[in-house]
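Listed below are the residues making up each chain.
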Amino acid sequence: MDRPLRRRLRPEARRLEIVEAAERLLQAQGSRVRVEDVVREAGVAKGTFFLYFPTWDDLLETIRERLVGRFDTAHPLPTEADGPIDWPALVAEQAAAFIDFTIPNHSVGEAIFHSDFAERRPLADNGILRLTAVIRAGQEAQAFGPVDPEPTARLLFAAIHETADAVARGEDRDMAVAALQNLLRRALAP
């Protein structure tokens, strides 16, 4: 029986092929995906997988970095050079953007942010760091009240994340986001 010839790809293209196959499977099946599933989906040998990703966690970390990077690229934080910033509106927009980004990526997010992998390789709290920076900048602009930025960001991020989970479970998005934005506005009011 003749096997189809495997096309030659540059190493970075082969690696990307594996990552994209894993992302598709994680989106469809969540954390039940295994190496065997990914190599079948990508059409590569198991040895090829381990050439690029010595462990399953290395692959998941790559996917997590890509997901966080896609959000950061799609929703960059403005700078004063961009013009005057409406800090309360920025917080509301970023929160809504997080929810809207999270929903279509829910299964992947569960696998990389809420699994034993996330416990073994915790993320550097990108969302909390971003929110802390926004709160500090908003305070400097006198748009926010005198709250402690880091713990406040941690609590507000928990509310944002729970809102995303609620919308993913089927709650009305507009009502949930409106309630969240009211909470954010009140928590940060001058």
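Just above, that's the structure.
The sections below set out a description of the structure shown in this document. Values in this document were obtained by computation on a predicted structure and should not be read as measured data.

Re the overall build of the chain
Step number 1: Looking only at helices and strands, the chain has 10 helices and zero strands in total.
Step number 2: Ordering the α and β elements of the chain from the N terminus gives α-α-α-α-α-α-α-α-α-α.
Step number 3: A separation of at least 24 residues holds for 67% of the contacts in the chain among residues at least 6 apart in sequence.
Step number 4: If you sum the accessible surface of the chain, you get close to 11100 Å²; carbon and sulfur atoms cover 55% of it.
Step number 5: Looking at charge distribution, the chain has the averaged site of its 24 positive side-chain charges lying 8 Å from that of its 30 negative ones.

Structural notes on the pattern of salt bridges
Step number 1: For the structure shown, the criterion picks out 16 salt bridges.
Step number 2: We note a salt bridge from Asp 37 to Arg 40, for which the minimum N-O separation is 3.4 Å. With a gap of three residues between them, Asp 37 and Arg 40 both fall in helix 2 (residues 35–42), about one helical turn apart.
Step number 3: The network of salt bridges with common partners includes Glu 23, Arg 66 and Arg 70.

Notes on the packing of aromatic side chains
Step number 1: Within the structure shown, the criterion is met by six aromatic pairs.
Step number 2: Both rings, one in Phe 49 and one in Phe 53, keep their centres 5.7 Å apart while their planes meet at 45°; by these two values the pair is tilted. Phe 53 carries the same exposure label as Phe 49, and that label is buried.
Step number 3: Ring centres of Phe 98 and Phe 157 lie 5.3 Å apart, and the angle between their planes is 65°; this geometry places the pair in the edge-to-face category. Remark: Phe 157 occurs in helix 9 (residues 149–168) and Phe 98 occurs in helix 5 (residues 87–102); sequence separation between them is 59 residues. The burial state of Phe 98 is the same as that of Phe 157; both residues are buried.

About the thresholds
Residues numbered from 1 in each chain as written. Predicted model: local features only at pLDDT ≥ 70, side-chain atom pairs only at ≥ 80, totals over all residues. Heavy atoms only, no water. Helix = DSSP H or I, 4+ residues; strand = E, 2+ residues; numbered from the N terminus. Contact = heavy atoms within 4.5 Å. Areas by Shrake-Rupley, 256 points an atom, 1.4 Å probe, with all protein chains shown as cover. Lys, Arg positive; Asp, Glu negative; His and termini not counted. Charge placed at Lys NZ, Arg CZ, Asp CG, Glu CD. Salt bridge = Lys/Arg side-chain N within 4 Å of Asp/Glu carboxyl O. Phe/Tyr/Trp six-rings, centres within 6.5 Å; stacked < 30°, edge-to-face > 60°. Buried < 20%, exposed > 50% of the residue type's maximum accessible area, 1.4 Å probe, protein only.

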